[in-house]
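# Results of the structural survey
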Amino acid sequence: EGFCDDNSKWNMGNGHDFATVIQAVQWNIKMAGDLSMIFKIGRRGDKTIIELFNVKLSDIQLLPEHGFTSIAWDFKANRPTQDEVDCMVYLIKGSSIPSEKPASISDTVWNMVIKGNSLKSERSLGIWRNKNADTIESAQK
């Protein structure tokens, strides 16, 4: 369990439970937002992508009910703005998502799981890849 920030930083929380990973992700997003506010660095939270790998189905209820958000300085608006951060949750190998959304999780969290379950390729940092980390599409272009 962990997360990667700008393809350069892994944070494992305490390495023992998923709740600490979520806390670490939220803390790092908050710190990036705070830095943007202090120095008025232009930053777009809606361009941030969080990918959580090897998540147990039983742990998805630990994800924030309303998703991850980030505050940043917006030069066009000349004020701080809050954006939703895109998140994809990849379940641990061998797990399958239920056919219907469990009542215990929000629509936002369910969408994170559905996005992570898709084999559809997505572009991230200029590289096309799917949940299997297959980058063949990028190599062919």
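To be clear, the structure that these remarks concern was listed above.
About the criteria used
Here the residue numbering is sequential within each chain, running from 1 through the sequence in written order. Where local features are concerned, this predicted model is filtered to residues with pLDDT of at least 70; where side-chain atom pairs are given and counted, the filter is 80 or more; whole-chain, interface and lining totals use all residues. Computation of side-chain values: all heavy atoms of the structure, hydrogens and water removed. Salt bridges are defined as contacts in which a side-chain nitrogen from Lys or Arg sits within 4 Å of a carboxyl oxygen from Asp or Glu. Comment: elements are numbered from the N terminus, with helices defined as DSSP H or I runs of at least four residues and strands as E runs of at least two. A simple rule labels every residue: compare its accessible area, found with a 1.4 Å probe on the protein chains alone, to the largest value its type can have, and call it buried under 20%, exposed over 50%, or partly exposed in between. Between any two strands, pairing holds if DSSP finds at least two bridges. Between N-to-C directions, angles span 0 to 180 degrees; the directions come from axes that are lines fitted to C-alpha atoms, helices contributing only their stretch in contact. Buried residues of nine kinds, namely Ala, Val, Leu, Ile, Met, Phe, Trp, Tyr and Cys, make up a nonpolar core once their side-chain atoms join them within 4.5 Å. Residues count as neighbours in contact if any of their non-hydrogen atoms are within 4.5 Å of one another.

## Concerning the pattern of salt bridges
- Applying the stated criterion across every chain yields a total of two salt bridges.
- Measuring nitrogen to oxygen at the nearest pair gives 2.4 Å for the salt bridge that ties Asp-86 to Lys-115. Note that Asp-86 is positioned in strand β5 (residues 79-91) and Lys-115 in helix α2 (residues 107-117), a separation of 29 residues in sequence.
- Take Lys-115: its relative accessible area is 32%, and that puts it in the partly exposed class.
- Among the salt bridges present, the one from Lys-101 reaches Asp-107, with a minimum N-O distance of 3.9 Å.
- Classification of Asp-107 by relative accessible area gives exposed; the value is 52%.

## Regarding the sheet that holds strand β3 (residues 49-55)
- Read across the sheet, three strands follow the order β3-β5-β4 without closing on themselves; strand pairing throughout is mixed. Edge strands, defined here as strands with exactly one partner in the open sheet, are β3 and β4 (68-74). For this sheet the average axis-to-axis angle between neighbouring strands, irrespective of direction, equals 30 degrees.

## Observations regarding the nonpolar core
- Counting residues in hydrophobic clusters, the biggest one holds 20 residues, and the most contacted among them are Ile-50, Leu-52, Ile-60, Leu-63, Phe-68 and Val-89.
- If one sorts the elements of this core by residue count, helix α1 (residues 18-39) sits on top with five residues.
- Those residues in contact with Phe-68 that lie beyond four places of it in its chain are Ile-22, Val-25, Gln-26, Ile-29, Ile-50, Leu-63, Asp-83, Glu-84, Val-85, Cys-87 and Met-112.

## Observations regarding the pairing of β4
- Judged from the seven bridges that link them, β4 and β5 form a sheet pairing that is antiparallel. For Ser-70, the partnering residue across the bridge sits in β5 and is Asp-83.
- The loop that links β4 with its antiparallel partner β5 comprises four residues; one of these, Asn-78, has a positive phi angle of about 55 degrees.

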